[in-house]
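# Examination of the molecular architecture
Chain by chain, the residues run as shown.
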Amino acid sequence: MKEASALKITKGRGEASFFRVTCKDNGKGMPHQDIPNMFGRVLSGTKYGLRQTRGKFGLGAKMALIWSKMSTGLPIEIRSSLKGQNYVSFCRLDIDIHRNVPHVHAHEKLDNREKWHGAEIQVIIEGNWTTYRSKILHYMRQMAVITPYAQFLFRFISDIADKNITVRFARRTDVMPPVPSETKHHPSAVDLLLIKRLIAETSKQNLLQFLQHEFVNISKSHADRLIGEMGPDFSPKMSVKSLTSQQIVRMRQLFRQAKFDDPSGDCLSPAGEYNLRLGIIKELHPDMVATYANSPQVFEGHPFIVEAGISLGGKDVKQGLNIFRFANRIPLLFEQGADVVTRTAIKRINWNTYKINQAQDKIGVFVSIVSTKIPFKGTGKEYIGDDIDEIASAVKASIKQCCLQLKSKIVKKIQARERQERKRNLFRYIPDVSRAIYEVLERMATDRVEDQKLDQTEKAKQDRKRLRGKEEQSQNMDGKRQHYDYEDAEILQKVLMKEISQATLREKLSEHVEKVDYEMVLEYAAQSGVSEEAHESMYLPALDHVGPFTTLHSPLFVFRLLI
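Overview of the structure. For clarity, every value in this text was computed on a predicted model and none was experimentally measured.

With that out of the way, let us pick up the overall build of the protein chain. A tally of regular secondary structure across the protein chain gives 14 helices and 18 strands. Considering the protein chain as a whole, with its 563 residues, one finds that 37% of them fall into the buried category. For the protein chain, the share of sequence-separated contacts (at least 6 apart) that also reach a separation of at least 24 residues comes to 73%. Carbon together with sulfur atoms contributes 52% to the accessible area of the protein chain, which is approximately 33,300 Å² in total.

Below, the structure written as C-alpha cells:
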C-alpha cells in the first residue's frame, strides 16, 4: 500500500510541494534492535557470495531518508513487526551524514493488538506530483505486470477532494517465483580485489582447498591442473594466506586464459513465463499475447535469463512500440532510448515479417532480465547497455520467438476474417441468385408444358400432307426441344405446382453456404491440430488448501495437485 498525503498544494506546474509518503507491506518485518542501523547507516557490505537481488544499490530507504533530510530536515518514521510478535517496533530517526551513524529520536515497542506483521515507512519530502504523477502510476503498473502474485493499492490524498486518487492493482495468482539462492563466484568473473578479499575471508588453509571450495566449476582434479599451470612457485599444500601480490596476479591471468564450464542458472529467480503472461493480460487486456522464456546463458562468468512478452492491442496502450523493461524484476523507467531492449525492438526486429505494423498497431514489448550481475550503464543504473553481445542476442532471440507465436495467431485471424468476408459476400448475392435461378426454372417449366401440348396436337390433328410439307421444319423443331431426365422433370413439376418457390431457393442456398463454411473450418482445424469444439476462457480462483500439494508448471498454466 502506498499513501501520499499532500500537506501543501500549489497550482503552478513545475512548482514543488511537501508530501507525506507512506509505504506499508505485510512482509516478514524487521528485528527491533536492527532498525536504527538498517535505516540510519550506509553500509559498505561485502559480496562474498553472489545472489540475484532486487533493486539497484540496496540504498532505497536510506536515499529517501537523505532526501528528506536535505529537503525538509524532518526525520523518518518506521513501524515494523515480525510474524507472531506481540509488539510493534516504532522508530523515529534521521542520519548523521558526516559520521554515517543513525540519530535516533524515539525507539520503542507498541502494542500489536491487530497481530500485524510487516513494515511501514513514512517520510516527508519535497516533490512535484503534477509533473511526476504519470511516472509514479506507470511504475506501479509495471510492478503489477511483473508481480501478478502481489496486490498494490496506491492512494493520493489531497486537501481538495476532487484531486484524490485511488488505484488498485489486484492479485491474479498465488504462484510466486522461487527464492534466489546464493552461489559462489565463477573464476572468469573475478578481479584482483575480489580474489584478495576472498583470500582474506576464507577459512581454507591451502591453495587446493581454496580453489576447490571458494569458486564454482573447479573440481579437485581441475584445481590440481590449474596449480600446475601457475608455475613452480605454487603448490597444492601452500598456505593461501601466504600468496604475494604477484602470485595473485598470476592466478587472475590464468583464470582469464583457462576454460571453465558455464555457471548454472539454478541460482536465479525469474518471474516465470506463466506469471509474465498473467501480468500482461491483467493490466493491459490485449487482443493477443505471446511469451517466451530463454534458457540460462552466461556473460563474463555471470548467468542470466531473458524472458520476453509481446502483446497486441489492449487498454491504455499507444500506437507503435510500448517498451516495458525489467531488471531483476524491477521496472526501469528512465534513459529508455539507450537500453538494449529498446534498440533491439526498434532496429533489429523486422515487424512486417510477422504481419505486425510497427507504426499503427498497439505493440507492447516486455523484456525481463535476471542475473547475479545486471550490467547497468550510467550512474543512475537506469538502463542496460547495448554493448554485451550475449545479452543483445538473447533479447533479440526471445522477442523473435514471441513474434513467431503472434504471427501464427495473426495468420489464423486473417484467414478467419477472409472466410467471414467471403461468407458475407455470398449471403449478399443469395437474393439475386435465387431470383435468377427461379426465373430460369419457371421459364423451363413453361416451355416443357408447351412442348408437351404441341406433341399431342401434332399427333392428333395434323395430316400427313402437312407433315410431309413441313417434315424438315418438324425435324428441326424436334431437334431444338429440350429433353429432361426424371429428376429434372420432377423439379420443374414442383416449380409449376409452386412447391418450389423463390424463398425455398433462398433458404437452400443459405444452408449450403453455412455447410460449406463449417466444412472449411473443420478442415482447417484438422490441419492445425485444433479441436472443433468452441473454447471459452475460464478463470479459477485459488483454493484455501492447508495440506501438502504438488505444483506442475507450464507457460500457460500451473496445475496444483492437492494431496
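Turning our attention to the environment of Q405. Residue placement: Q405 occurs in helix α10 (residues 389–461). C-alpha separation for the pair Q405 and V289, spaced 116 residues apart in sequence, amounts to 8.7 Å. With residues near it in sequence (within four places) discarded, Q405 still touches R277, A290, T291 and Y292. One polar contact links the side chain of Q405 to the main-chain carbonyl oxygen of T291, over a distance of 3.0 Å.

Below, the discussion takes up the packing of aromatic side chains. Considering all chains together, one arrives at eight aromatic pairs under this definition. Plain terms: the ring middles of F210 and F215 are 5.6 Å apart, the flat faces sit at 90° to each other, and that makes the pair edge-to-face. For the residue pair F210 and F215, the accessibility class agrees, reading buried in each case. Ring centres of F299 and F304 lie 5.8 Å apart, and the angle between their planes is 65°; this geometry places the pair in the edge-to-face category. Taking the relative accessible area as the measure of exposure, F299 reaches 1% and is therefore buried. Given a relative accessible area of 1%, F304 falls into the buried group. Three or more aromatic residues link up through ring pairs in this structure, and these residues are F19, W129, F154 and F156. Taking NZ or CZ as reference, K109 lies 4.6 Å from the ring centre of Y87, over its face.

Quick look at the side chain of H302 now. Turning to its location among the elements, H302 is positioned in strand β11 (residues 302–312). A polar contact of 3.2 Å, which involves the side chain of H302, links it to the side chain of T372.

Moving on: the nonpolar core. Among the nonpolar cores identified, the biggest contains 35 residues, and W351, V365, V367 and I399 are the most heavily contacted of them. Put simply, the parts of the chain that give this core at least two residues each are β9 (288–293), β11, β12 (320–327), α9 (340–348), β14 (362–371) and α10. Tallying contributions element by element places α10 first for this core, with nine residues. Contact partners of W351, with chain neighbours within four places excluded, come to I310, L321, A345, I356, Q358, I363, V365, I399 and C403. Of all hydrophobic cores here, the second largest spans 24 residues; its members include I195, L207, I227 and L243.

This next bit is on the pattern of salt bridges. Counted according to the given criterion, the structure contains 15 salt bridges. Its salt-bridge partner being E120, residue R79 comes within 4.0 Å of it at the nearest N-O pair. Here the residue R79 occupies a position in strand β3 (residues 76–81), and E120 occupies one in strand β6 (residues 118–127), the gap between them amounting to 41 residues. Classification of R79 by relative accessible area gives partly exposed; the value is 26%. The partner of D387 in a salt bridge is K377, with the nearest N and O atoms 3.0 Å apart. You can see D387 sitting in the loop between β16 (383–384) and α10 and its partner K377 sitting in strand β15 (residues 376–377), a full ten residues away along the chain. According to the relative accessible area criterion, K377 is partly exposed, its value standing at 29%. Through salt bridges with shared partners, a single network forms among E77, R79, R92 and E120.

Next up on the list: a nonpolar patch on the surface. On the surface, a cluster of nonpolar side chains totalling about 400 Å² of accessible area is made up of L552, F557, F559 and L561. Tracing the sequence through the fold places F559 in strand β18 (residues 558–562).

Further remarks concern unusual backbone geometry. Of note in this structure, N100 is not a glycine but carries a positive phi near 55°. Inspection of the secondary structure assignment puts N100 in the loop between β4 (87–96) and β5 (101–111). Of note in the backbone geometry, H285 takes a positive phi value of approximately 50° without being a glycine. For H285, the location among the structural elements is in the loop between α8 (273–284) and β9. Judged by its relative accessible area of 46%, H285 is partly exposed.

When two helices pack together, their arrangement is given by the angle between the helix axes and the distance between those axes. Close contact between helix α4 (residues 192–201) and helix α7 (residues 245–257) brings their axes to 10 Å; oriented N to C, the two are set at 115°. Between α4 and α7 lies a crossing of right-handed hand. Contacts from L192, I195, K196 and I199 of α4 reach α7 at S245, I248, V249, M251, R252 and F255. Taken together, the residues of the contact of α4 with α7 sort by class into seven nonpolar, one polar and two charged.

With that settled, the discussion passes to helix α6 (residues 220–230). One turn of the α-helix equals 3.6 residues, which is why residues spaced by three or four share an orientation. Regarding α6, the residues found buried are H222, A223, L226, I227 and M230. One side of α6 carries all its buried residues, which in axial view fall inside an arc of 135°. Its buried side turned inward, α6 meets α5 (207–214) and α7. Looking one or two residues beyond α6, the residue adopting positive phi is G231, at roughly 125°.

Taking 1.5 Å of rise per residue, the 13 residues of α7 would be expected to cover 18 Å, and the 19 Å separating its terminal C-alpha atoms lies within 8% of that figure. Taken together, the buried positions of α7 are occupied by Q247, I248, M251, R252, L254 and F255. With its buried residues spanning 160° around the axis, α7 presents them on a single face. In α7, the exposed residues that point more than 90 degrees away from the buried face are Q246, R256 and Q257. If you follow the buried residues of α7, they end up packed against α4, α5 and α6.

Definitions and limits used
- Residues numbered from 1 in each chain as written.
- Predicted model: local features only at pLDDT ≥ 70, side-chain atom pairs only at ≥ 80, totals over all residues.
- Heavy atoms only, no water.
- Helix = DSSP H or I, 4+ residues; strand = E, 2+ residues; numbered from the N terminus.
- Buried < 20%, exposed > 50% of the residue type's maximum accessible area, 1.4 Å probe, protein only.
- Contact = heavy atoms within 4.5 Å.
- Areas by Shrake-Rupley, 256 points an atom, 1.4 Å probe, with all protein chains shown as cover.
- Polar contact = N/O pair within 3.5 Å; in protein donor to acceptor, adjacent residues only side chain to side chain.
- Phe/Tyr/Trp six-rings, centres within 6.5 Å; stacked < 30°, edge-to-face > 60°.
- Lys NZ or Arg CZ within 6 Å of the ring centre and 35° of its normal.
- Core = buried A, V, L, I, M, F, W, Y, C linked by side-chain atoms within 4.5 Å.
- Salt bridge = Lys/Arg side-chain N within 4 Å of Asp/Glu carboxyl O.
- Patch = residues over 30% accessible without salt bridge, like charges linked within 9 Å, V, L, I, M, F, W, Y side chains within 5 Å.
- Axes fitted to C-alpha atoms, helices over the stretch in contact; angles between N-to-C directions.
- Left-handed = near helix turned anticlockwise from the far one by under 90°.
- Nonpolar A, V, L, I, M, F, W, Y, C, P; charged D, E, K, R; others polar.
- Arc of directions from axis to C-beta.
- Expected span 1.5 Å × (residues − 1).

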